[in-house]
Amino acid sequence: MKSVLITGANRSIGLEIVKQLSKKGLFVYLGSRDLEKGKIVVKELKENGFENIQAIEIDVTNSDSILAAKNIVEIEQGKLDILINNAGISGVFPQKTADASIKDIQNVFDTNFFGVISVTQVFLELLKKSESPRISNITSGLGSLTLHSDPSWKYYDYKATSYVTSKAALNTYTIILAYELKDLPFKVNVIDPGYTATDFNHHNGPGTVESAASFIIKHTLTDGNAPTGKFFSNDIEDETEESPW
């Protein structure tokens, strides 16, 4: 049975990914910054017929928490097949370049960028023990510099200094990570679930968590011929589903 760790998985898109992967027969570690909240969610899931789910405490901004989570997975599984770096924050709004708080920018980067790097570095050892390791970094279409430079893009006016720059940085990191792992059986991609109605954006998006999770899973549970180092977006309406960087 393949194992997967999903950070920030006790609600919204992360929780829906947990549900769908459980139904597909994977063992799912539901990552939650607050372990008790994670356990409550897992209890509800099991009462509703979901299996092979375990809450695990992981705060992506805390190195001790990340290492403790890694040790649990290593003892119980011996390896990790899939890492989905889903945890993210939007920061305080408005986010204008002229007066955005440096502290807030740093807080957003701590989760959205440095948090992903920290988790990935710690879990690489276990991922390398998998026959077909996968790393999916959950990004946003707002992280595309190409689209942000195009006045005809439908989200052109959605500028946010802290959030947008953190996702653009995450995209860049993923390109480099995929390159460094290209000679191993890894598939490393950034995946944009699309503008989805969640607690994250006060339920303003047109997409559903079901569609977002399904899209992420589609580009995570891939075979050996699948691409690596790509940017997939649920808002791109062509057969490749690739977003420009």
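Just above sits the structure.
I will try to describe carefully the structure that is included in this document. The model shown is predicted, which means the values in this text are computed figures rather than measured ones.

This next bit is on a nonpolar patch on the surface. On the surface, Ile175, Ile176 and Trp245 cluster together into a nonpolar patch covering about 250 Å² of accessible area. With respect to the secondary-structure elements, Ile175 resides in helix H6 (residues 161–180).

Here the focus is the side chain of Glu241. Mapped onto the elements of the fold, Glu241 is located in the segment after strand E7 (231–233). What makes Glu241 buried here is its relative accessible area of 16%. Polar side-chain contacts of Glu241 include one of 2.9 Å to the side chain of Lys218.

Inspection of the secondary structure puts Asp81 in the loop between helix H3 (63–77) and strand E4 (82–85). A distance of 2.9 Å separates a polar side-chain atom of Asp81 from the backbone nitrogen of Ser3. Within the structure, Asp81 has its side chain in polar contact with the side chain of Ser130 (distance 2.6 Å). Setting aside its immediate chain neighbours within four residues, Asp81 contacts Met1, Lys2, Ser3, Leu127, Ser130, Ser132, Pro133 and Arg134.

Another aspect to go through is the packing of helix H4 (residues 102–127) against H6. Where H4 contacts H6, the two axes come as close as 8 Å, and the packing angle between them is 20°. Between H4 and H6, the angle falls in the class roughly parallel. For the pair H4 and H6, the sense of crossing is right-handed. Contacts between H4 and H6 involve Asp104, Ile105, Val108, Phe109, Asn112, Phe113, Val116, Ile117 and Thr120 from the former and Thr161, Ser162, Tyr163, Thr165, Ser166, Lys167, Ala169, Leu170, Tyr173 and Leu177 from the latter. Taken together, the residues that form the contact of H4 with H6 break down as eleven nonpolar, six polar and two charged.

Before going further, it helps to spend a moment on the packing of H3 against H4. In contact at an axis separation of 10 Å, H3 and H4 are set at 20° when each is read in the N-to-C sense. One way to sum up the angle between H3 and H4 is to call them roughly parallel. At the point where H3 passes H4, the crossing takes the right-handed sense. Of the residues in H4, those in contact with Ile66, Leu67, Ala69, Lys70, Val73 and Glu74 of H3 are Ser118, Val119, Val122, Phe123, Glu125 and Leu126. A per-class count over the contact of H3 with H4 returns eight nonpolar, one polar and three charged.

How each quantity is defined
Residues numbered from 1 in each chain as written. Predicted model: local features only at pLDDT ≥ 70, side-chain atom pairs only at ≥ 80, totals over all residues. Heavy atoms only, no water. Patch = residues over 30% accessible without salt bridge, like charges linked within 9 Å, V, L, I, M, F, W, Y side chains within 5 Å. Areas by Shrake-Rupley, 256 points an atom, 1.4 Å probe, with all protein chains shown as cover. Salt bridge = Lys/Arg side-chain N within 4 Å of Asp/Glu carboxyl O. Helix = DSSP H or I, 4+ residues; strand = E, 2+ residues; numbered from the N terminus. Buried < 20%, exposed > 50% of the residue type's maximum accessible area, 1.4 Å probe, protein only. Polar contact = N/O pair within 3.5 Å; in protein donor to acceptor, adjacent residues only side chain to side chain. Contact = heavy atoms within 4.5 Å. Axes fitted to C-alpha atoms, helices over the stretch in contact; angles between N-to-C directions. Parallel < 35°, antiparallel > 145°, perpendicular 65-115°, else oblique. Left-handed = near helix turned anticlockwise from the far one by under 90°. Nonpolar A, V, L, I, M, F, W, Y, C, P; charged D, E, K, R; others polar.

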